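# Coordinates in review
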Amino acid sequence: LWVAEDHDGKIVGYVLAKMDEDTITTKDPPHGHITSLSVLRSHRKRGIATALMRRSQMEMENVMGAHYVSLHVRRSNRAAFRLYSQ
């Protein structure tokens, strides 16, 4: 779990990520999964979600040896598609 705070210490965003446990039984390379990502509407369009995503990916790669990170997005979530296509 990584959080983003404003200058007053209030949490304005978070990303929850985990390593996929199926790699033990499937022989797939170790990989992570983004479980949840959210930023308050008042703090969007400031790069917070991108920074949270990049940090979680970096940590899963460097600490846990993840080869890649996956996530699931609803088709109706246009903002997420824009973020994840960067």
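You'll find the structure just up there.
Residues numbered from 1 in each chain as written. Predicted model: local features only at pLDDT ≥ 70, side-chain atom pairs only at ≥ 80, totals over all residues. Heavy atoms only, no water.

### With respect to a nonpolar patch on the surface
A cluster of nonpolar side chains, namely Leu1, Val3, Ile11, Tyr14 and Leu16, defines an oily patch on the protein surface of about 440 Å² accessible area. Of the residues forming the nonpolar patch, the biggest block, 3 residues, is contributed by strand β2 (residues 11–19). Examined against the element boundaries, leucine 1 turns out to sit in the segment before β1 (2–5). (Patch = residues over 30% accessible without salt bridge, like charges linked within 9 Å, V, L, I, M, F, W, Y side chains within 5 Å. Areas by Shrake-Rupley, 256 points an atom, 1.4 Å probe, with all protein chains shown as cover. Salt bridge = Lys/Arg side-chain N within 4 Å of Asp/Glu carboxyl O. Helix = DSSP H or I, 4+ residues; strand = E, 2+ residues; numbered from the N terminus.)

### Points about the pairing of β2
Note that β1 and β2 share 4 bridges and pair antiparallel. Note that in β2 the partner of valine 3 across the bridge is tyrosine 14. Between β1 and β2, which pair antiparallel one after the other, the connecting turn spans 5 residues, and glycine 9 there sits at a positive phi close to 85°. Two elements, β2 and strand β3 (residues 31–39), share 7 bridges in a ladder whose sense is antiparallel. Looking at the pairing, lysine 18 lines up with histidine 33 of β3. (Pairing = 2+ DSSP bridges.)

### Digging into the environment of glycine 9
Its place among the elements puts glycine 9 in the loop between β1 and β2. Distance from glycine 9 to glycine 65, taken between C-alpha atoms, is 31 Å for residues 56 residues apart in sequence.

### Points about unusual backbone geometry
Unusually for a residue other than glycine, lysine 45 sits at a positive phi of about 70°. For lysine 45, the location among the structural elements is in the loop between β3 and α2 (48–64). Using a relative accessible area of 78% as the deciding quantity, one classes lysine 45 as exposed. (Buried < 20%, exposed > 50% of the residue type's maximum accessible area, 1.4 Å probe, protein only.)

### So, the side chain of histidine 33
Mapped onto the elements of the fold, histidine 33 is located in strand β3. Within the structure, the side chain of histidine 33 is placed 3.1 Å from the side chain of serine 70, a separation counted as a polar contact. (Polar contact = N/O pair within 3.5 Å; in protein donor to acceptor, adjacent residues only side chain to side chain.)

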